[in-house]
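Each chain, written out:
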Amino acid sequence: MAFVNYINLISVQAGKRIHQLGIQRALGATRFQVQLQIIFEAIALALIAFLLATVAVELLGTDMQDILPYRDLSMMKQTNLLLLPAVLAILFGFFAGLYPAYLLSSAEPAKILHGEVQFAGNGKLLRGTLTTLQLVISTALIIGAFTIHRQLNFWKNFDTGLSPNNVVYLQTDGSITQHGRLSPKNY
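Residues numbered from 1 in each chain as written. Predicted model: local features only at pLDDT ≥ 70, side-chain atom pairs only at ≥ 80, totals over all residues. Heavy atoms only, no water.

**Some points on the overall build of the protein**
Okay, step 1: Helix and strand counts for the protein come out as 7 helices and 0 strands.
Okay, step 2: Scored against the burial criterion, the 187 residues of the protein give a buried share of 25%.
Okay, step 3: Of the contacts formed within the protein by residues at least 6 apart in sequence, a portion of 74% connects residues at least 24 apart.
Okay, step 4: Counting every atom, the protein has about 13900 Å² of accessible surface; 66% of that belongs to carbon and sulfur. (Helix = DSSP H or I, 4+ residues; strand = E, 2+ residues; numbered from the N terminus. Buried < 20%, exposed > 50% of the residue type's maximum accessible area, 1.4 Å probe, protein only. Contact = heavy atoms within 4.5 Å. Areas by Shrake-Rupley, 256 points an atom, 1.4 Å probe, with all protein chains shown as cover.)

Encoded structure:
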């Protein structure tokens, strides 16, 4: 969802950013260099978001340990858990920066500096589609979060009808577990 949001925000703000990139192009920067700059900015933002999310998980992880059956949710103790999300953050940053890099580097520097380039109408269909997709994903995530929350509350508070103090323990010779059921000769 952040991927879609980033593309929307950069596309909407293209008119403000295009003058800076036009000056860079007029001073000798190639189109490829401008594209790389935009893509690296997207990757840097994705990595910053990843680091903030990791800190949030570490801070809120203690609350989740009471709900979930896992005892140790610390990502800092298991650094291999950090590798895949970090790689995914880099990939998402790269792919999120592709369209804005193409859009912002496509105009000619002379037209940019003369104010002849407008991005007001470009990409309206894409932005509308991405906004709708973002709304659908957000709604699904909110409904899913409420459902999971209710399920966890039900799981924690459900009365099974069994008292943990009134449990009988029977020692067997293993024939029940070997055959998977009781046989008449075991009575």
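Having seen the model, we can carry on.
**A few points about helix 2 (residues 14-26)**
Residues separated by three or four positions in an α-helix point in the same direction, a consequence of the helix having 3.6 residues per turn.
Okay, step 1: The end-to-end C-alpha separation of helix 2 is 18 Å, in line with the 18 Å expected for 13 residues at 1.5 Å each.
Okay, step 2: When we look at burial in helix 2, the residues that qualify are Ala-14, Arg-17, Ile-18, Leu-21, Gly-22 and Arg-25.
Okay, step 3: Just past helix 2, the residue Gly-28 takes up positive phi, approximately 120°. (Expected span 1.5 Å × (residues − 1).)

**Here we look at the packing of aromatic side chains**
Okay, step 1: A complete count under the given rule lists 2 aromatic pairs for this structure.
Okay, step 2: On the basis of an interplanar angle of 40° and a centroid distance of 5.0 Å, the ring pair of Phe-154 and Phe-158 is categorised as tilted. (Phe/Tyr/Trp six-rings, centres within 6.5 Å; stacked < 30°, edge-to-face > 60°.)

**A few points about a nonpolar patch on the surface**
Okay, step 1: Nonpolar side chains collect at one region of the surface, where Phe-3, Leu-83, Leu-84, Val-87, Leu-88, Leu-91, Phe-92, Phe-94, Phe-95 and Leu-98 lie side by side and expose about 890 Å² of accessible area between them.
Okay, step 2: Here the element with the most residues in the nonpolar patch is helix 4 (residues 80-105); it accounts for 9 residues.
Okay, step 3: Looking at the element boundaries, Phe-3 is found in helix 1 (residues 2-12).
Okay, step 4: For Phe-3, a relative accessible area of 32% puts it in the partly exposed group. (Patch = residues over 30% accessible without salt bridge, like charges linked within 9 Å, V, L, I, M, F, W, Y side chains within 5 Å. Salt bridge = Lys/Arg side-chain N within 4 Å of Asp/Glu carboxyl O.)

**Considering the confidence of the model for the protein**
Low-pLDDT stretches of the model should not have their predicted coordinates read in fine detail.
Okay, step 1: When the pLDDT values of the protein are averaged, the result is 77; 80% of them are 70 or greater.
Okay, step 2: Of all the helices and strands in the protein, helix 7 (residues 175-179) carries the lowest mean pLDDT, 60, while helix 6 (residues 124-157) carries the highest, 86. (pLDDT = per-residue confidence, 0-100.)

**Here we look at the environment of Ala-49**
Okay, step 1: Position of Ala-49 among the secondary structure elements: in helix 3 (residues 31-67).
Okay, step 2: Here the alpha-carbon distance between Ala-49 and Ala-2, two residues 47 residues apart in the chain, equals 9.5 Å.

**Quick look at the environment of Ile-39**
Okay, step 1: Mapped onto the secondary structure, Ile-39 falls in helix 3.
Okay, step 2: Placed 62 residues apart in sequence, Ile-39 and Ala-101 show a C-alpha to C-alpha distance of 6.5 Å.

**Some words on the packing of helix 2 against helix 4**
How two helices sit against one another is set out by the angle between their axes and by the gap between those axes.
Okay, step 1: For the pair helix 2 and helix 4, the least separation of the axes is 9 Å and the interaxial angle reads 65°. Two packed elements cross with a definite hand, and for helix 2 against helix 4 that hand is right-handed. Of the residues in helix 4, those touching helix 2 at Ala-14, Arg-17, Ile-18, Leu-21 and Arg-25 are Leu-103, Leu-104 and Ser-105. (Axes fitted to C-alpha atoms, helices over the stretch in contact; angles between N-to-C directions. Left-handed = near helix turned anticlockwise from the far one by under 90°.)

**Brief notes about the nonpolar core**
Okay, step 1: One finds Tyr-6, Ile-18, Leu-21, Ile-38 and Leu-104 to be the most contacted residues of the largest nonpolar core, which totals 16 residues.
Okay, step 2: Only helix 1, helix 2, helix 3 and helix 4 provide two or more residues apiece to this core.
Okay, step 3: Top element by residues in this core is helix 3. It accounts for 5 residues.
Okay, step 4: Residue contacts for Tyr-6: discarding those within four places in its chain leaves Ile-38, Glu-41, Ala-42, Leu-45, Ala-96 and Gly-97. (Core = buried A, V, L, I, M, F, W, Y, C linked by side-chain atoms within 4.5 Å.)

**Here's the deal with the side chain of Gln-134**
Okay, step 1: Structurally, Gln-134 can be placed in helix 6.
Okay, step 2: If we ignore the near neighbours within four places in the chain, the residues touching Gln-134 are Met-1, Val-4, Asn-5 and Asn-8.

**Some remarks on the packing of helix 1 against helix 4**
Okay, step 1: Look at helix 1 against helix 4: their axes get within 9 Å of each other, and the N-to-C directions meet at 20°. Between helix 1 and helix 4, the crossing angle belongs to the class labelled roughly parallel. Our pair here, helix 1 against helix 4, has a crossing hand that is right-handed. Note on element contacts: helix 4 touches helix 1 through Phe-92, Phe-95, Ala-96, Gly-97, Tyr-99, Pro-100, Leu-103 and Leu-104, opposite Phe-3, Tyr-6, Ile-7, Ile-10 and Ser-11. (Parallel < 35°, antiparallel > 145°, perpendicular 65-115°, else oblique.)

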